[in-house]
Amino acid sequence: MHFKEMSIEQDVLASLETSGYSTPTLVQEKTIPILKTGKDLICQSETGSGKTLAFAIPIMEKVRQGSGLQALIVTPTRELALQMVQEFNKISKRKGIRVASIYGGVAIDPQIHVLQHSEIVIGTPGRILDHLGRGTMHLARVKHLVLDEADRMLDMGFIEDVEKIIRATPKERQTILCSATIPDRVGRLAHRYMFSPEFVRTRQHVKQELLPQFYYDVTEDRKFSLLAHLIKEEKPHLGLVFCNRRTTADIIAKNLSMNGVHAYAIHGGMSQTRRESLIREFKGGGIHILVATDLASRGLDIPGISHIFNYDISEKPDDYIHRIGRTARAGKSGKAIALLCQRDYDAFRRVMSDPKLNIQRLEAGPFPILRFLPLRERLRFRHSKRHFQRQDRRW
Ligand code: ADP
Ligand code: MG
């Protein structure tokens, strides 16, 4: 199959070629014809399978320059909004379609300006509501609404804001829900917002050969040393270490750096400028190890990521799928390593209850025990106020 055989509008097709895309991925092959008919769609396919273009292509075909805001894409994180604008822009230029990103943590005035001239907007819920409240964004002409990472968007912490946004869009719209994980409750909720949706389901997990998964069982006092040892052994091109809390991410990054592994933490307690510069550096290979909260578990597409380390196991089993899905994207390979100690057993059991997951146990050989500074109190104090103010405080 070639994109040429999918009767895609000339301008969009030409942009796809210029960007080096010739063959649709499976999910694109299945969704594009459905979305072209204007139907609502729930789309589930594995991480890194090209869901963004799967809806971006048909939307781009339908929007018209100068006809106001016609498509709204809602995402859980600012970094993802920014990244998706870049993906959309690969196919927007030739048609003269303007795509804006709207997210918090940065000045609102420049956004107000671009909103006046954009046909497609990609944003996070809080800032979208902010613009709606100020009257600086108008959804009356929106024909396409996408909830990317839909299961996360309909989770507690987001659902109220997301429902407000949905209610602010016209009823006769096309609604699209996407994620690598679509639990049943999403299907049930979807009936409220969708009109007889079609379902596309491809695979749930990245192929085992491309993304082998391992775990170590280790006592808590040796966990950090094992992480440092594995990073030194594996020498990831880019490695992402996931922790469940901001304080842990800070502490691990500091301790890694003190032990000869240059690492930086990234989480929601940091300024947006800092977050963006860390991601930029990481993409460019200036930083090799990022220690992140679930802020980085959804949607991010950074081709150089070779290793995922789960220093903590995510409370929600689906988040494990998303975390490891930051590597082995678009047909490339990667490796996922989890480090368990006793307090992770319950969470890990929930992850392992998925029979299609194959996570092999490895025994650690001898490794040096490093000095580990808990640094806890000072850091907790620094982030505590924000910690309780923000709705995304888990990140
Ligand atoms: P998902 O949302 O399913 O996790 P993304 O939309 O982020 O995946 O796409 C993953 C990667 O695959 C991106 O780098 C994207 O540019 C690339 N990609 C998407 N479609 C194609 C295609 N048809 N051919 C080659 N690469 C593609
Ligand atoms: Mg995605």
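Here is what the cut-offs are and how they apply
Along each chain, residues carry numbers from 1 onward, in the same order as the chain's sequence is written. By the order in which they are written, chains take letters starting at A while ligands take numbers starting at 1. In view of the model being predicted, local features appear only for residues whose pLDDT reaches at least 70, and side-chain atom pairs are presented and counted only at 80 or more, with totals across whole chains, interfaces and linings using the full set of residues. For the side-chain quantities, the full set of heavy atoms in the structure was used; hydrogens and water were omitted. Think of pLDDT as the predictor's per-residue confidence, scored from 0 to 100. In this analysis, two residues are considered to be in contact whenever any of their non-hydrogen atoms come within 4.5 Å of each other. Here a residue is near a molecule or strand as soon as one of its heavy atoms is found within 4 Å of it. As used in this structure description, the phrase polar contact means that two N or O atoms lie within 3.5 Å; if the pair is within protein, one of them must be able to donate a hydrogen and the other to accept it, and residues adjacent in sequence are counted only when both atoms belong to side chains. Here, Shrake-Rupley sampling with a 1.4 Å probe gives the accessible areas, and only protein chains in the shown set may cover a residue. Helix and strand definitions here come from DSSP, where helices need a minimum of 4 consecutive H or I residues and strands a minimum of 2 consecutive E residues; each element is numbered from the N-terminal end. Think of it as three bins: nonpolar holds Ala, Val, Leu, Ile, Met, Phe, Trp, Tyr, Cys and Pro, charged holds Asp, Glu, Lys and Arg, and polar takes everything else, Gly as well. An automatic or database domain assignment is the source of the domain bounds shown. The angle between two axes is taken between their N-to-C directions and runs from 0 to 180 degrees, where each axis is a line fitted to C-alpha atoms and a helix contributes only its stretch in contact. Roughly parallel means an angle under 35 degrees; roughly antiparallel, over 145; roughly perpendicular, 65 to 115; everything else is oblique. Left-handed is the label given to a crossing in which the near helix is rotated counterclockwise from the far helix by less than a right angle, and right-handed is the label when the rotation is clockwise. Buried residues are those whose accessible area, probed at 1.4 Å on protein chains only, stays under 20% of the maximum for their type, while exposed residues exceed 50% and partly exposed ones sit between those limits. Paired strands, as defined in this entry, are two strands with at least two bridges between them according to DSSP. Any Lys or Arg side-chain nitrogen located within 4 Å of an Asp or Glu carboxyl oxygen qualifies as a salt bridge. Put simply, buried area is how much 1.4 Å-probe accessible surface two parts lose in total, over both of them, once they are put together. Ring geometry is summarised as follows: Phe, Tyr and Trp rings, the Trp one being its six-membered ring, pair when their centres sit within 6.5 Å, and such pairs are stacked at plane angles under 30 degrees, edge-to-face over 60 and tilted between the two. We count a charge as sitting over a ring when the NZ of a lysine or the CZ of an arginine lies within 6 Å of the ring centre and within 35 degrees of the ring normal.

**Remarks on the confidence of the model for the protein**
Logical step 1: Overall, the predicted model of the protein reaches an average pLDDT of 95, with 95% of residues at or above 70.
Logical step 2: For the stretch residues 387-392, pLDDT sits under 50, and the model shows 12 contacts to residues farther than four places along the chain or on other chains.

**Examining the site of ligand 1**
Logical step 1: Within the structure, ligand 1 sits among 19 residues, and Tyr21, Thr23, Gly48, Thr52 and Asp301 are positioned closest to it.
Logical step 2: Backbone polar atom of threonine 23 to a nitrogen atom of ligand 1: 2.8 Å apart, as the coordinates give it.
Logical step 3: Coverage of ligand 1 by the protein amounts to 84% of the 570 Å² it exposes when considered alone.
Logical step 4: A total of 3 residues in the shell around ligand 1 trace back to one element, the largest contributor, which is helix α3 (residues 51-62).
Logical step 5: Counted by class, the shell around ligand 1 contains 5 nonpolar, 8 polar and 6 charged residues.
Logical step 6: When residues are assigned to domains, the shell around ligand 1 turns out to be shared by domain 1 (3-201) and domain 2 (213-377), each giving three or more.

**Considerations on the packing of helix α2 (residues 26-36) against α3**
The relative placement of two packed helices comes down to the angle between their axes together with the axis-to-axis distance.
Logical step 1: The interhelical angle for the contact between α2 and α3, taken along N-to-C directions, is 30°, at an axis separation of 9 Å. Relative to α3, the element α2 lies roughly parallel. When you trace α2 past α3, the crossing you get is right-handed. Contacts between α2 and α3 involve Val27, Gln28, Thr31, Ile32, Leu35 and Lys36 from the former and Lys51, Leu53, Ala54, Phe55, Ile57, Pro58, Glu61 and Lys62 from the latter.
Logical step 2: The residue inventory of the contact of α2 with α3, partitioned by class, reads 8 nonpolar, 2 polar and 4 charged.

**Examining the pairing of strand β6 (residues 174-179)**
Logical step 1: Burial of β6 is extensive: 6 of the 6 residues sit out of reach of the surface.
Logical step 2: Going residue by residue along β6, you find Gln174, Ile176 and Cys178 tucked away on one face and Thr175, Leu177 and Ser179 tucked away on the opposite face as well.
Logical step 3: In terms of strand pairing, strand β1 (residues 41-44) meets β6 through 4 bridges, oriented parallel. Within the sheet, the bridge partner assigned to isoleucine 42 lies in β6 and is leucine 177.
Logical step 4: With 5 bridges connecting them, strand β5 (residues 144-148) and β6 associate as parallel partners. Paired with valine 146 across the strands is isoleucine 176, a residue of β6.

**Notes on the sheet that holds strand β10 (residues 263-266)**
Logical step 1: Spatially, β10-β11-β9-β12-β13-β8-β14 is the arrangement adopted by the 7 strands of the open sheet, whose pairing is parallel. What marks the edges here is a single partner per strand, and that holds for β10 and β14 (359-362). On average, adjacent strands in this sheet sit at an angle of 25° to one another, irrespective of strand direction.
Logical step 2: In terms of strand pairing, strand β8 (residues 213-217) meets strand β13 (residues 335-340) through 5 bridges, oriented parallel. Bridge pairing in β13 links tyrosine 215 to alanine 338.
Logical step 3: Against the sheet, helix α10 (residues 220-234) touches β8, β9 (238-242), β11 (289-292), β12 (305-310) and β13, its axis set at about 160° to β13.
Logical step 4: The strands that helix α13 (residues 317-324) touches are β8, β9, β12, β13 and β14; relative to β12, the one it contacts most, it runs at about 155°.

**Things to note about α2**
Since the α-helix packs 3.6 residues into each turn, any two residues three or four apart lie on the same face.
Logical step 1: Inspection of α2 places Val27, Gln28, Thr31, Ile32, Ile34 and Leu35 among the buried residues, and these make up the whole buried set.
Logical step 2: Each element contacted by the buried residues of α2 is listed here: β1, α3, β6 and β7 (198-201).
Logical step 3: Glycine 38 occupies a position one or two residues after α2 and carries a positive phi of about 90°.

**Examining helix α6 (residues 125-134)**
Logical step 1: Every buried residue of α6 is listed here: Pro125, Arg127, Ile128 and His131.
Logical step 2: Check the buried side of α6 and you find it contacts β2 (71-74), β3 (99-102), α5 (109-115), β4 (120-123), α7 (150-153) and α8 (159-168).
Logical step 3: Downstream of α6 by a residue or two, glycine 135 has a phi angle that is positive, lying close to 75°.

**Notes on the pattern of salt bridges**
Logical step 1: Throughout the structure, instances matching the rule amount to 26 salt bridges.
Logical step 2: Residue arginine 343 is joined to aspartate 312 by a salt bridge in which the shortest nitrogen-to-oxygen separation is 3.3 Å. Of the two residues, arginine 343 is situated in the loop between β13 and α14 (345-352) and aspartate 312 in the loop between β12 and α13; the sequence distance between them amounts to 31 residues.
Logical step 3: A relative accessible area of 47% means that arginine 343 is categorised as partly exposed.

**Brief notes about the domain arrangement of the protein**
Logical step 1: Assigned domains within the protein: domain 1 (3-201) and domain 2 (213-377).
Logical step 2: A straight line from the C-alpha centre of domain 1 to that of domain 2 covers 29 Å.
Logical step 3: Every contact between the two is made by 22 residues of domain 1 and, on the other side, 19 residues of domain 2.
Logical step 4: Of the roughly 1700 Å² buried where domain 1 meets domain 2, counting both sides, 46% is carbon and sulfur surface.

**Here we look at the packing of aromatic side chains**
Logical step 1: Counting across every chain of the model gives 3 aromatic pairs.
Logical step 2: With a centroid separation of 4.9 Å and 55° between ring planes, the pair formed by tyrosine 215 and phenylalanine 348 is classed as tilted. Linking tyrosine 215 in strand β8 with phenylalanine 348 in helix α14, this pair joins segments that are 133 residues apart in sequence.
Logical step 3: Its relative accessible area of 14% is what places tyrosine 215 among the buried residues.
Logical step 4: Seen from their ring centres, phenylalanine 224 and phenylalanine 372 are 5.0 Å apart, and the 40° between their planes marks the pair as tilted. With phenylalanine 224 in helix α10 and phenylalanine 372 in the loop between β14 and α15 (376-389), this pair connects stretches of sequence that are 148 residues apart.
Logical step 5: Across from the ring centre of tyrosine 311, 4.9 Å away, lies the NZ or CZ of lysine 223, which sits over that ring.

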